[in-house]
Amino acid sequence: QVQLVESGGGLVQPGGSLRLSCAASGSIFSGYVMGWYRPAPGKPREFVAFISSGGVTRYADSVKGRFTISKDNTKNTVYLQMNSLEPEDTATYYCNFKIGVRLDTNPEGFWGQGTQVTVSS
């Protein structure tokens, strides 16, 4: 089992920035992928970004150039730096953990409780 605790959501104006954090604990082995998802029309979880234990990253087209995912191995924590936020980014963001280095975007694995991001003036 893996437990995930997210933090960092909030209210921000369009064009602003936020940084989300997700701390993992439990059965964390050397190979894994951690990422972020958010709901979208017709999809309970839509891929946003991931980073593998080896540092491979991938982003959804809608956030490329605006969001950056990173990790701190010493803290088993992944971060999502979100810049140039748009109202369309408003959503609950869910942290995801997959055991093994699976470089796909399927919404499977362990989930955090979600953190709300609201972009509004």
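What comes next concerns the included structure.

## Looking at the overall build of the chain
The helix and strand inventory of the chain stands at 0 helices and 11 strands. Scaling as 2.2 N^0.38, a compact globule of 121 residues should have a C-alpha radius of gyration of about 14 Å, and the chain matches this with 13 Å. Within the chain, the proportion of its 121 residues that are buried is 41%. In the chain, the proportion of contacts linking residues at least 24 apart, taken out of those at least 6 apart, comes to 56%. Of the roughly 5900 Å² that the chain leaves accessible, carbon and sulfur atoms contribute 49%.

## Comments concerning the nonpolar core
Core analysis: the largest hydrophobic core is formed by 32 residues, its most contacted members being Met34, Trp36, Leu80, Met82 and Tyr93. For this core, the secondary structure elements donating two or more residues are β1 (2–7), β3 (18–26), β4 (32–40), β5 (43–52), β7 (67–72), β8 (77–82), β9 (91–99) and β11 (115–119). Excluding residues within four positions of it along the chain, Leu80 makes contact with Leu18, Arg19, Leu20, Trp36, Val48, Ala49, Phe67, Thr68, Ile69 and Tyr93.

## Brief notes about the pairing of β7
Taken together, the 6 bridges between β7 and β8 define a ladder with antiparallel strand orientation. Across the sheet, residue Thr68 finds its bridge partner in β8, namely Gln81. Here β7 folds back onto β8, and the loop between the two strands holds 4 residues, one of which, Asn76, carries a positive phi near 50°.

## Here we look at the pattern of salt bridges
Summed over the entire model, instances satisfying the criterion amount to 7 salt bridges. As a salt-bridge pair, Lys64 and Asp61 come within 3.2 Å of each other at their nearest N and O atoms. For the residue pair Lys64 and Asp61, the accessibility class agrees, reading exposed in each case. The residue Arg66 makes a salt bridge to Asp89 at a minimum N-O spacing of 2.7 Å. You can see Arg66 sitting in the loop between β6 (57–59) and β7 and its partner Asp89 sitting in the loop between β8 and β9, a full 23 residues away along the chain. Overall, the relative accessible area of 11% leaves Arg66 in the buried class. Residue classification places Asp89 among the buried positions, given a relative accessible area of 2%. Through salt bridges that share partners, Arg38, Arg66, Glu86 and Asp89 make up one connected network.

So, how was this worked out
- Residues numbered from 1 in each chain as written.
- Predicted model: local features only at pLDDT ≥ 70, side-chain atom pairs only at ≥ 80, totals over all residues.
- Heavy atoms only, no water.
- Helix = DSSP H or I, 4+ residues; strand = E, 2+ residues; numbered from the N terminus.
- Rg over C-alpha atoms; globule rule 2.2 N^0.38 Å.
- Buried < 20%, exposed > 50% of the residue type's maximum accessible area, 1.4 Å probe, protein only.
- Contact = heavy atoms within 4.5 Å.
- Areas by Shrake-Rupley, 256 points an atom, 1.4 Å probe, with all protein chains shown as cover.
- Core = buried A, V, L, I, M, F, W, Y, C linked by side-chain atoms within 4.5 Å.
- Pairing = 2+ DSSP bridges.
- Salt bridge = Lys/Arg side-chain N within 4 Å of Asp/Glu carboxyl O.

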